[in-house]
Amino acid sequence: MELSSEFWWFILIGLGAQLVDGALGMAFGLVSSSVMLAMGIPPAQASAAIHTAEVFTTGASGVSHLVAGNVDKRLFLRLAIPGAVGGAVGAYGLTQLPGDVIRPLIYLYLLVLAIIILARAAGRLMPKGEVKRVPVLGFVAGFLDASGGGGWGPVATSTLLARGGQARTTIGTVNASEFVVTLTVSATFLMSMGLHHLQIVAGLLIGGMMAAPVAALLVKRLKERWVLVAVGVLVLAISLFQIGHALTGYLAR
């Protein structure tokens, strides 16, 4: 594989995206795809490369969080197994949901969660205790992630934090569970599409694996309040941007 000068940019993209994802429990795909599309890389090529690289970056992130003591093993099993099932269902396309209609609703849901998380960070909302229906949450987040909604991190992390989950173990467990979901989904795509765009995949992989242990330590050492603020602001920005994008597309019709 001959490496171009862009290879080093892909390493930096992977490093930055994994720092955000590993520390806040979401946005590897959002950060990396945004930068890659701005570089002029076709959307299909960027998506395929990111999805393949995530198999390795989520694995490195999960191990890092496990070593740092950020993983709740019981929560991991309740999230990962249903998430993998939901991911498989989404990858095989067994249901025909109208994505253009469903996604704005998802981002409205995330907008509400962002407000709840920020209220909790400000001390205006007390946690309710143990989160119920975690397997259902895992299945839905896995399905959305596989079917193109990119929902694992935003939906799983935001819901658990909004309902009182501890920031450190929530983010660590969601990251660790994502490896199982991503592996299941990616295996489906790889069997049908093969492995392409090796330079992009390798760059994202190297950068992501370098950042994974650093992000896990950040989650362990940062105060929970500041993690909640960062997650809330990120989810708020994502949801508002996507809702605005959807409304702009609707009005342009």
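Before any of the text, the structure's been laid out above.
Criteria and cut-off values
- Residues numbered from 1 in each chain as written.
- Predicted model: local features only at pLDDT ≥ 70, side-chain atom pairs only at ≥ 80, totals over all residues.
- Heavy atoms only, no water.
- Helix = DSSP H or I, 4+ residues; strand = E, 2+ residues; numbered from the N terminus.
- Buried < 20%, exposed > 50% of the residue type's maximum accessible area, 1.4 Å probe, protein only.
- Contact = heavy atoms within 4.5 Å.
- Areas by Shrake-Rupley, 256 points an atom, 1.4 Å probe, with all protein chains shown as cover.
- Axes fitted to C-alpha atoms, helices over the stretch in contact; angles between N-to-C directions.
- Parallel < 35°, antiparallel > 145°, perpendicular 65-115°, else oblique.
- Left-handed = near helix turned anticlockwise from the far one by under 90°.
- Core = buried A, V, L, I, M, F, W, Y, C linked by side-chain atoms within 4.5 Å.
- Nonpolar A, V, L, I, M, F, W, Y, C, P; charged D, E, K, R; others polar.
- Expected span 1.5 Å × (residues − 1).
- Bend = angle between axes of the 7 residues up to and from the residue.
- Patch = residues over 30% accessible without salt bridge, like charges linked within 9 Å, V, L, I, M, F, W, Y side chains within 5 Å.
- Salt bridge = Lys/Arg side-chain N within 4 Å of Asp/Glu carboxyl O.

Peer 1: Just to check I follow, could you spell out the overall build of the chain for this structure?
Peer 2: What the chain contains, in helices and strands, is 10 helices and 0 strands. In sequence order, the secondary structure elements of the chain are arranged as α-α-α-α-α-α-α-α-α-α. Within the span of the chain, comprising 253 residues, buried residues form 48% of the whole. Counting contacts in the chain only where the partners sit at least 6 residues apart, residues at least 24 apart contribute 85% of the total. Accessible area of the chain: about 12500 Å², with a carbon and sulfur share of 69%.

Peer 1: Can you walk me through the packing of helix α6 (residues 134-146) against helix α7 (residues 152-162) in this structure?
Peer 2: Each pair of packed helices can be described by the angle between their axes along with the distance between the axes. Between α6 and α7, the shortest axis-to-axis distance is 8 Å and the interhelical angle comes to 155°. Regarding the angle of α6 to α7, the classification is roughly antiparallel. As for how α6 packs across α7, the hand of that crossing is right-handed. Counted together, V134, L137, G138, A141, G142, L144 and D145 of α6 and W152, V155, A156, T159 and L160 of α7 form the full contact between these two elements.

Peer 1: I'm lost on the environment of V235 in this one. Help?
Peer 2: By the secondary structure assignment, V235 is in helix α10 (residues 224-252). In the structure, V235 is positioned 120 residues away from I115 in sequence and 9.1 Å away in space, judged by C-alpha atoms. Excluding its chain neighbours within four sequence positions, the residues that come into contact with V235 are M26, L110, A114 and S158.

Peer 1: Explain the environment of Q166 to me, please; I cannot follow it from the model alone.
Peer 2: Looking at the element boundaries, Q166 is found in the loop between α7 and α8 (167-193). Judged by relative accessible area, Q166 falls into the partly exposed class, the value being 40%. Each C-alpha atom of the pair Q166 and N70 lies 10.0 Å from the other, and the pair is 96 residues apart in sequence. Excluding residues that lie within four positions of it along the chain, Q166 makes contacts with R120, L161 and E224.

Peer 1: Looking at this structure, I do not really get the nonpolar core. What am I missing?
Peer 2: Buried together is how nonpolar side chains tend to be arranged in soluble globular proteins. Core analysis: the biggest nonpolar cluster contains 40 residues, and L79, L110, V155, L160 and V231 have the highest contact counts within it. Elements supplying a minimum of two residues to this core: α1 (6-24), α4 (73-92), α5 (99-121), α6, α7, α8, α9 (198-221) and α10. Here this core takes 8 residues from α5, the largest share from any one element. What L110 contacts, discounting residues up to four positions off in sequence, is P154, V155, S158, V235 and S239. F10, I41, A49 and A53 belong to the second largest nonpolar core, which has 13 residues in total.

Peer 1: Help me understand the packing of α1 against helix α2 (residues 28-38) in this model?
Peer 2: Where α1 meets α2, the axes come as close as 8 Å, and the angle between the chain directions of the two elements is 150°. Put simply, α1 runs roughly antiparallel to α2. The interaxial crossing formed by α1 with α2 has right-handed handedness. Of the residues in α2, those touching α1 at I13, G14, A17, Q18, V20 and D21 are F28, V31, S32, V35 and M36. A per-class count over the contact of α1 with α2 returns 7 nonpolar, 3 polar and 1 charged.

Peer 1: Any chance you could explain α9 here in plain terms?
Peer 2: Each α-helix winds once per 3.6 residues, and so residues spaced three or four apart point in a common direction. With 24 residues, α9 should cover 34 Å at 1.5 Å per step; its first-to-last C-alpha distance of 35 Å lies within 8% of that length. At A212, α9 shows its maximal kink, close to 30°; a proline, P213, follows between one and four residues later.

Peer 1: Help me out: how do you make sense of the side chain of T170 in this one?
Peer 2: If you trace the backbone, T170 turns up in helix α8. Residue T170 is classed as buried on the basis of its relative accessible area of 3%. Sequence-distant contacts of T170, defined by excluding residues within four places in its chain, comprise T157, L160, L161 and G165.

Peer 1: Looking at this model, I keep getting lost on a nonpolar patch on the surface. Mind explaining?
Peer 2: Among the surface-exposed residues, L77, I81, V85, V136, F139 and V140 lie close enough to one another that they form a single nonpolar patch of about 510 Å² accessible area. Only α4 and α6 provide two or more residues apiece to the nonpolar patch. Positionally, V85 belongs in helix α4. Taking relative accessible area as the criterion, V85 reaches 44% and is therefore assigned partly exposed.

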